[in-house]
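Chains, contacts and geometry: an overview
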Amino acid sequence: MFVRVFTSTTVIVFSIIMIFINQFDLEINQKIGKGIFYLKGYYEQGNEIVMEQGIGVITIPLIIGFIVSVVVTTISTIRKKQKYAA
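Attention here is on the structure that accompanies the text. (Residues numbered from 1 in each chain as written. Predicted model: local features only at pLDDT ≥ 70, side-chain atom pairs only at ≥ 80, totals over all residues. Heavy atoms only, no water.)

**Digging into the pairing of strand E3 (residues 48–53)**
Pairing analysis gives six bridges linking strand E2 (residues 40–45) to E3, with the strands arranged antiparallel. Across the sheet, Tyr42 pairs through a bridge with Met51, a residue of E3. Taking the residues that link successive antiparallel strands as the turn, the E2-E3 hairpin has two residues, and the phi of Gly46 there is positive, at about 70°. (Pairing = 2+ DSSP bridges. Helix = DSSP H or I, 4+ residues; strand = E, 2+ residues; numbered from the N terminus.)

**Examining unusual backbone geometry**
Generally, phi is negative for residues other than glycine and the peptide bonds are trans, each holding for most cases. The phi dihedral of Asn29 falls on the positive side, at around 65°, and the residue is not glycine. The residue Asn29 is located in the loop between helix H1 (2–23) and strand E1 (30–32) in this model.

**Quick word on the nonpolar core**
In globular proteins that are soluble, nonpolar side chains generally tend to be buried together. Val13, Ile17, Ile21, Leu26, Ile32, Leu39, Tyr42, Val57 and Ile60 form the largest nonpolar core, which has nine residues in total. Examining the composition of this core, we find that three residues originate from one element, H1, more than from any other. Apart from the residues lying within four places of it in its own chain, the contact partners of Leu26 are Ile32, Lys40, Gly41 and Tyr42. (Core = buried A, V, L, I, M, F, W, Y, C linked by side-chain atoms within 4.5 Å. Buried < 20%, exposed > 50% of the residue type's maximum accessible area, 1.4 Å probe, protein only. Contact = heavy atoms within 4.5 Å.)

**With respect to helix H2 (residues 56–85)**
Here H2 is 30 residues long and its end C-alpha atoms lie 43 Å apart, about the 44 Å a rise of 1.5 Å per residue gives. Those residues of H2 that sit buried are Gly56, Val57, Thr59, Ile60, Pro61, Gly65, Ser69 and Ser76. Where H2 is buried, its residues contact H1 and E3. (Expected span 1.5 Å × (residues − 1).)

**Regarding the packing of aromatic side chains**
If you walk through the whole model with that rule in mind, you get three aromatic pairs. Here the aromatic rings of Phe2 and Phe6 are separated by 6.3 Å at their centres, their planes lie at 5°, and the arrangement is stacked. Of this pair, Phe2 and Phe6 both sit in helix H1, four residues apart, roughly one helical turn. On the accessibility criterion, Phe2 (31% relative accessible area) is partly exposed. Take Phe6: its relative accessible area is 24%, and that puts it in the partly exposed class. Here the aromatic rings of Phe2 and Phe66 are separated by 6.1 Å at their centres, their planes lie at 80°, and the arrangement is edge-to-face. Pair noted here: Phe2 is in helix H1 and Phe66 is in helix H2, with a separation of 64 residues, a long-range link. (Phe/Tyr/Trp six-rings, centres within 6.5 Å; stacked < 30°, edge-to-face > 60°.)

Without other data, these values stay purely geometric and don't point to any function.
Shown next, in the form of structure tokens:
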């Protein structure tokens, strides 16, 4: 159950993030996120304009998927214990 919830949540959040960053228009020297949550940057390097995607595109869905999976698994376990205890 944990793996199924983790996978489905991660895929859904990944899709939402990809749609969000593709619809978001950035100006020069602007970025979305910071550190491991860095999603996208648009800046000038020399005489070139560079657009990059950051590690946050992967880390955010994984973190959210893990948290949701732990919560769902914990709730499910508690309900099963309550069902058998009664």
